[in-house]
Amino acid sequence: MINAATENKPIDPMEPWREMRDVYLDAWSKTMVDMVNREDYAQASGAMLDTYLTVSIPFREVVEKAMLKTLEQLAMPSRADVISIADRMTNIEMRLDDMDAKLDKALAMAVPQRAPAPREPSRAPHQKKALKTKAAKRRKT
Amino acid sequence: MIEAQVVTDPFTDAAHRLKTLTKVMTTRAAIAQTPKELVWTLNKAKLYRYIPVLSKEKRHPVPLLMVFALMNRPYILDLRPGHSFVEYMLNKGYDLYLLDWGAPGPEDKNLKFDDYTLDYMPRAIRKLKTISGSEEFSLLGWCIGAILTTIYASLRGEEGLRNLILLTAPLDFSNKQNLTFARWTDERYFDVEKVLAAFGNMPGEMIDYGAKALKPVENYVSNYLKLWDNLDDPRIVESWHAMNTWVTDNVSLAGGAFRQLIVDLYRKDKLMRGELVIRGERVDLSRIHANLLTVIAEGDHITPGCQSEPIMSKVSSADKELFRMSGGHIGIMAGSGASKHTWPHISGWLDPRSE
């Protein structure tokens, strides 16, 4: 059944092209998924990564050494120094967290054990008024 | 009434489409908008508490802590207003907490699962208990977050863990034929030590490339064509923009944790075999007694169902359920069908167990 919405929809000349494109993409996608799941893809990508690392590591080491010397000469902290400070900061944070835990525990224990504040025995409103007037007279004398 | 005449000049239309395309490709969407407060921090990790929308009397007494993966931002759980799991659960009356691992720096390259599960998580949970006033809590772990919550549940589960929800949890690595990542990271082809010696942490861009290369045509071609085809539909553009913002916001994975993930899990399947040792303690899945909900995404190419299902027979939980959803690894929680299927199911399972 063709409904009104379908009838009023303008004809899109690109629609058949889009459908064809999607069919092609589906087929391409399946081929690529099969390819990346193959053993030789794993081997090839591993080899590429290994080559990149083998080539880049010596350069990286040279840059790191040069940077370290430069920082030393400028009397500035190296990356290792900053990392060491960060480690110590984390340890301090853990100690603070431990103290926070102990404080929370102490507070939790203290609250139920705290002696209740002495409460005025409950009195009727007229008795409270009488007490207030007696106290006022005492203050005057 | 005078009807405004809409002029559809092809050049104006093309200019408008180009403007929209440029905007979504070059800007960040307004994501993670639900109000929250920072209640605890340790190193890069942060514990957030979402501001409850219901009064204390109407809320569930058992709080819920969400733990996401280490190498992605957790705001996928609160993607955008009107389409947010966080928003949904707050409206259902949960006292909701999120553990954000943050981005590890070079100083964190030695962080391992041991640190995350036995230092960070217990401390964050202690704070959660203090704030919520509840000795019991529920844990929701997604992806690598599900590995961490499973390890925690086994080692420290007796410390008040009532409910455990595992979403697309990669726990069983025995079925190597179905695991593309296992093939790529096989010791014959992939030298973990060499990678970590070069980078310290596993760079987020490399992890992102790995995830996208599992379905290269979808991720590098179809995804953008989908946007191009729907540039006139603000609803789809907004959704695409938010998702793209999340996908392109990569986080490195701490070197120590990456080594454990590849060597101990992908290669040796130690968790499921009961051989994983975390700071001297063996992770025994039969020590998990919490109520368990495992959610599997049937179209998940990152964590196929065969990785999540076997835990059901390993745990000692008397109350356990396996729920299969159609959708992908992220789509089941952030896709258009999530609010109609996954979220109501999680809430429906958790509600009676949070009283």
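Residues numbered from 1 in each chain as written. Chains lettered and ligands numbered in written order. Predicted model: local features only at pLDDT ≥ 70, side-chain atom pairs only at ≥ 80, totals over all residues.

What follows deals with the pairing of strand 4 (residues 96-100) of chain B. All names here are of chain B. The element strand 4 is largely enclosed, with a buried count of five among its five residues. Where burial is concerned, the two faces of strand 4 agree: the one with Leu-96, Leu-98 and Asp-100 and the one with Tyr-97 and Leu-99 are both buried. Pairing of strand 2 (residues 45-50) with strand 4, which is carried by four bridges, proceeds in the antiparallel orientation. Bridging from a neighbouring strand, Tyr-48 pairs with Leu-98 of strand 4. Sheet topology note: the strand 3 (residues 64-67)/strand 4 ladder contains four bridges and is parallel. (Buried ≥ 20, exposed ≤ 12 C-beta atoms within 10 Å, placed from the backbone. Helix = DSSP H or I, 4+ residues; strand = E, 2+ residues; numbered from the N terminus. Pairing = 2+ DSSP bridges.)

Residue and element names in this part refer to chain B. Spatial ordering of the open sheet is given by 1-2-4-3-5-6-9-10, a layout of eight strands whose pairing is mixed. Bordering the open sheet on either side are strand 1 (36-42) and strand 10 (320-325), each of which pairs with just one other strand. Ignoring strand direction, the axes of neighbouring strands in this sheet form an average angle of 20 degrees. Here strand 5 (residues 137-142) runs beside strand 6 (residues 161-167); their pairing, made up of six bridges, is parallel. Opposite Ser-138, over in strand 6, you have Asn-163 as the bridge partner. (Axes fitted to C-alpha atoms, helices over the stretch in contact; angles between N-to-C directions.)

We now examine the interface of chain B and chain A. Contact residues are listed per partner, giving 27 residues for chain B and 28 residues for chain A. Of all the secondary-structure elements, those providing two or more residues to the side of chain B that touches chain A are helix 3 (113-132), helix 5 (180-184), helix 6 (192-199) and helix 8 (216-229) of chain B. Top element by residues in the side of chain B that touches chain A is helix 8 of chain B. It accounts for six residues. Looking at the side of chain B that touches chain A residue by residue, the classes come out as 12 nonpolar, five polar and 10 charged. (Contact = placed C-beta atoms within 7 Å. Nonpolar A, V, L, I, M, F, W, Y, C, P; charged D, E, K, R; others polar.)

What follows is about the environment of Tyr-94 of chain B. Residues and elements named next belong to chain B. Mapped onto the elements, Tyr-94 comes out in the loop between helix 2 (85-91) and strand 4. Put simply, Tyr-94 and Ile-165 are 71 residues apart on the chain and 15 Å apart in space, counted from C-alpha to C-alpha. With near-sequence residues (within four places) excluded, Tyr-94 lies in contact with Arg-59, His-60, Leu-64 and Met-89.

Take the packing of helix 2 (residues 15-36) of chain A against helix 8 of chain B next. Orientation of helix 2 of chain A relative to helix 8 of chain B, taken along the N-to-C sense of each, is 160 degrees, at an axis distance of 8 Å. By the angle between their directions, the pair helix 2 of chain A and helix 8 of chain B is classed as roughly antiparallel. For the pair helix 2 of chain A and helix 8 of chain B, the crossing hand works out as left-handed. Of the residues in helix 8 of chain B, those in contact with Arg-18, Leu-25, Trp-28, Ser-29, Met-32 and Val-36 of chain A of helix 2 of chain A are Pro-216, Val-217, Glu-218, Val-221, Ser-222 and Asp-229 of chain B. Among the residues forming the contact of helix 2 of chain A with helix 8 of chain B, the class breakdown is seven nonpolar, two polar and three charged. (Parallel < 35°, antiparallel > 145°, perpendicular 65-115°, else oblique. Left-handed = near helix turned anticlockwise from the far one by under 90°.)

Our next topic: the domain arrangement of chain A. By the assigned domains, chain A splits into domain 1 (15-76) and domain 2 (77-112). Relative placement of domain 1 of chain A and domain 2 of chain A: their C-alpha centres are 39 Å apart. (Domains from an automatic or database assignment.)

Residues and elements named next belong to chain A. Relative to the 51 Å expected for 35 residues at 1.5 Å per residue, helix 3 (residues 39-73) spans 50 Å between its end C-alpha atoms, a close match to the ideal helical length. At Ser-56, helix 3 shows its maximal kink, close to 30 degrees; a proline, Pro-58, follows between one and four residues later. Buried residues are scarce in helix 3, accounting for one of its 35 residues. Within two residues after helix 3, Ala-75 carries a phi angle of roughly 55 degrees, on the positive side. (Expected span 1.5 Å × (residues − 1). Bend = angle between axes of the 7 residues up to and from the residue.)

Our focus in this paragraph is the nonpolar core. Residues and elements named next belong to chain B. Counting 100 residues, the largest nonpolar core has Leu-65 and Met-66 as its most contacted members. Of the residues forming this core, the biggest block, eight residues, is contributed by helix 4 (residues 144-156). In this structure Met-66 touches Leu-77, Tyr-97, Leu-98, Leu-99 and Leu-140, once residues within four positions along its chain are discounted. (Core = buried A, V, L, I, M, F, W, Y, C linked by C-beta atoms within 7 Å.)

So, on to the confidence of the model for chain B. In low-pLDDT segments, the atomic positions of the prediction should not be examined closely. Residue and element names in this part refer to chain B. In this model, chain B carries an average pLDDT of 93, and 98% of its residues clear a pLDDT of 70 or more. Note that residues 1-5 has pLDDT below 50 and, in this model, zero contacts with residues that lie over four places away or in other chains. Our summary of model confidence lists the complex with pTM equal to 0.86 and ipTM equal to 0.81. (pLDDT = per-residue confidence, 0-100.)

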